[in-house]
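Each chain, written out:
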Amino acid sequence: MSEASSHVPPPLVPSQDGPHRPPAAPGPPSASAVRGGTVLLLVLCAALFLDALDLSVVGVALPSIQNDLHLSTSTLQWVMSAYTLGYAGFLLLGGRASDLLGRKRVFLAALALFAVGSLIGAVVDNGTLLIASRFLKGIGAAFTAPSALSIITTTYPEGKERSRALGIYSATGASGFSFGLVLGGILTTASWRWVFFLPVPLTLAVLAVARRVVPRDTPAPYRGSYDVGGAITATGGLLLLVYTVTQAPDHGWFSARTGLLALVTAALLVGFLLIESKVRHPLLPLGILRNRHLATANLVGLSFFGAYTGFQFIATLYLQDLLHWSALQMAFAFLPAGLLVAALSPRVPAVLERLGARTVVLTGMAAFLAGYLLFIRIGPHANYVTDVLPTMVLIGIGVAAAFTAVNIAGVSGVANTDQGLAGGLVYTSYQAGGGVVLAVVTAVVTSRTAAHTVAGSRPSASALLAGYHPGLMVVAGIVAAGLLVALFGFSRRSAPVVVTEGGPAEGRVADPAIGADRGGAGDLSRAVG
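Counting restarts for each chain, with residues numbered from 1 along the sequence as it is written. Whole-chain, interface and lining totals are the exception, using all residues; otherwise, since this is a predicted model, local features are given only for residues with pLDDT of at least 70 and side-chain atom pairs are given and counted only at 80 or more. Values reported for side chains reflect all heavy atoms of the structure, with hydrogen atoms and water molecules removed beforehand.

### Here we look at helix H2 (residues 73-101)
Link 1 in the chain: Its 29 residues place the ends of H2 41 Å apart at the C-alpha level, agreeing with the 42 Å of an ideal helix rising 1.5 Å per residue.
Link 2 in the chain: The largest bend in H2 is about 45 degrees, located at Leu91.
Link 3 in the chain: Throughout this description, buried means an accessible area under 20% of the type-specific maximum (1.4 Å probe, protein chains only), exposed means over 50%, and partly exposed covers the range between. Runs of H or I in DSSP of at least four residues are treated as helices and runs of E of at least two as strands, each being numbered from the N terminus. The buried fraction of H2 is high, at 26 of 29 residues.
Link 4 in the chain: Two residues or fewer after H2 comes Gly102, characterised by a positive phi angle close to 115 degrees. The span one expects for a helix is its residue count, reduced by one, times 1.5 Å. Bend at a residue means the angle formed by two fitted axes: the first through the 7 residues ending at that position, the second through the 7 residues beginning there.

### Brief notes about a nonpolar patch on the surface
Link 1 in the chain: On the surface, Leu119, Val123, Trp194 and Phe197 cluster together to form a nonpolar patch covering roughly 390 Å² of accessible area.
Link 2 in the chain: Broken down by secondary-structure element, the contributors of at least two residues to the nonpolar patch are helix H3 (103-123) and helix H6 (193-197).
Link 3 in the chain: Relative to the assigned elements, Val123 resides in helix H3. Like charges within 9 Å and nonpolar side chains (Val, Leu, Ile, Met, Phe, Trp, Tyr) within 5 Å are joined into patches, using only residues over 30% in relative accessible area that form no salt bridge. Only the protein chains shown count as cover for residues, and all accessible areas are computed by the Shrake-Rupley method using a 1.4 Å probe. The term salt bridge refers to a side-chain nitrogen of Lys or Arg lying within 4 Å of a carboxyl oxygen of Asp or Glu.

### Concerning the layout of surface pockets
Link 1 in the chain: Any residue with an atom within 4 Å of a point lines the site, the site being either a cavity, points on a 1 Å grid over the protein atoms alone where a 1.4 Å probe fits but cannot get out, or a pocket, an open set with protein on both sides within 12 Å along at least 5 of 7 lines. Grid points are joined across faces, edges and corners, and a volume is the space filled by probe spheres set on the points. In this structure, the largest pocket occupies an estimated 710 Å³ of space.
Link 2 in the chain: Gln66, Thr73, Asp321, Pro459 and Leu464 are, among the 25 residues lining the largest pocket, the residues nearest its centre.
Link 3 in the chain: Elements supplying a minimum of two residues to the lining of the largest pocket: helix H1 (37-69), H2, helix H10 (292-322), helix H15 (419-451) and helix H16 (461-489).
Link 4 in the chain: Side-chain classes are defined by residue name, with Ala, Val, Leu, Ile, Met, Phe, Trp, Tyr, Cys and Pro counting as nonpolar, Asp, Glu, Lys and Arg as charged, and the others, Gly among them, as polar. Its residues placed into classes, the lining of the largest pocket shows ten nonpolar, twelve polar and three charged.
Link 5 in the chain: Roughly 530 Å³ of internal volume is contained in the second largest pocket.
Link 6 in the chain: Phe272, Leu284, Leu302, Thr428 and Ala432 are the residues nearest the centre of the second largest pocket, which is lined by 22 residues in total.

### Some remarks on the packing of aromatic side chains
Link 1 in the chain: Aromatic rings from Phe, Tyr and Trp, with only the six-membered ring used for Trp, were paired whenever their centres fell within 6.5 Å, and each pair was classed as stacked if the ring planes differed by under 30 degrees, edge-to-face if by over 60, and tilted otherwise. Applying the stated criterion across every chain yields a total of 16 aromatic pairs.
Link 2 in the chain: Both rings, one in Phe305 and one in Tyr430, keep their centres 5.8 Å apart while their planes meet at 40 degrees; by these two values the pair is tilted. Placement of the pair is Phe305 in helix H10 and Tyr430 in helix H15, with a sequence separation of 125 residues.
Link 3 in the chain: A relative accessible area of 9% places Phe305 in the buried class.
Link 4 in the chain: For Tyr430, a relative accessible area of 1% corresponds to the buried category.
Link 5 in the chain: Summarising the aromatic geometry, the rings of Phe368 and Tyr372 are spaced 6.0 Å apart at their centres and angled 20 degrees between planes, so their arrangement reads as stacked. Of this pair, Phe368 and Tyr372 both sit in helix H13 (residues 357-375), four residues apart, roughly one helical turn. The same class applies to Phe368 and to Tyr372, which are both buried.
Link 6 in the chain: In textbook terms, an aromatic cluster arises when at least three aromatic residues are bridged by ring pairs, as seen for Phe304, Phe305, Tyr308, Phe311, Tyr318, Phe334, Phe368, Tyr372, Phe375, Phe403, Tyr430 and Tyr468.

### Some thoughts on the side chain of Ser81
Link 1 in the chain: Relative to the elements of secondary structure, Ser81 occurs in helix H2.
Link 2 in the chain: At 2.6 Å, the side chain of Ser81 forms a polar contact with the side chain of Gln77.
Link 3 in the chain: Throughout, a residue-residue contact means that at least one pair of heavy atoms, one from each residue, lies within 4.5 Å. Those residues in contact with Ser81 that lie beyond four places of it in its chain are Val242, Gly435 and Leu438. Think of a polar contact as two N or O atoms within 3.5 Å of one another; within protein, one of them needs to be a possible hydrogen donor and the other a possible acceptor, and neighboring residues in sequence only count if both atoms come from side chains.

### Considerations on the environment of Gly121
Link 1 in the chain: Turning to its location among the elements, Gly121 is positioned in helix H3.
Link 2 in the chain: Under the relative-accessibility criterion, Gly121 is labelled buried at 0%.
Link 3 in the chain: For the pair Gly121 and Trp194, spaced 73 residues apart in the sequence, the C-alpha separation amounts to 9.9 Å.

Functional significance is not addressed by these values, which are geometric in nature.
Here it is in structure tokens:
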């Protein structure tokens, strides 16, 4: 796998005065030249681990939070959605800020904000403030993730060394998400507030080490506005979309209120696209989406992460509310998936070099689909070995394959000055999918459960299952759609790869502004072909 580097001319930068090339930026140093190279990678992985851990560790605590704060199911989902939507809404701004302000500066500031949000969440005593703290933490994560990813891709030389670093980074994120389920069960046994407090000292420790080992960097040589209008319309559109979907079952899908909210949502999202097409320095240069493989990677990431978030929500409620498992029992039920992710993810980059992203992603998406279809069989009683474990094994395979492949494909062929943008786009797809799909799944579960529940009474086991089953069908359908996108979006070609220590094969120039390849052998030949 090879990517654009300082050995080729920098990409064209679109502007109102016509395309121009900024001054050449210095290439990345070798990893061995970076002070504390191994420690640096550990720090960046630790930051991603905390981001991923936070989402899953809270998921286990949801029933306890619901009971303690007296939240409805539709309100409860906001405890997860607020984080993912804050994450998604500001990721593109986070990616661009890391390019323009400096990766180290943004990374350190974002870690501090993440710690503040964690502390607020640990001490609040009502649902509204808890949701607000989750949104704040999501914003912190939105600036941490793309800056960390771009530090890796601009520090480690392209080729095997960078692929190895990205593989470890991806494995850490996936493992953090899975390990959070177990940790959440342990912490919730004491109190769900520990779920929010524990990240505070951990984040501060990462921040202290990061100040010493993260290398200083020179911001991109071109500067401009930060496209605040784009950030506001994107975030507002996503938040209102989730609110509209979750409120529709209570007010009617075809009511005037729902229709008005849908129109405002559409106006905000269309406004975002218009702003991005007009401003001089957009958060999302729309031309980058013309890169077929990059667009495919993002759509696949949106579908599998969104589906998994919906699945985790249903599985958590099913195991704790219907089967009456403890938080710790439920956490250990997910443990096989986490162990498989940790074991398989570091090996995926080597498989990508041989087989390409198409085969690896299709394998992962097929594993997801089979696992979710198996889980649809759930009933009022369950045997872990026959009813739950097969799904967890398949999910572990799916996460290891799809998450790692999408992370690598999503930033391949992008210039160093736009690595923050590409990394931000990948994680935006993950989190937007998580927030929106969770809202849809919650709306389906809530409406179908209510339809089978006598007014004023608690839902019976059959009523809960009447909601869980169609919700799981939605989850499976979204993964099936992602599988089709991967099938037709990634190229079947499998051209040889020339991996060098310093530059791309045959002088290929990736132009992220227009999403085109300019001559020579493709960087993406194996990594995304």
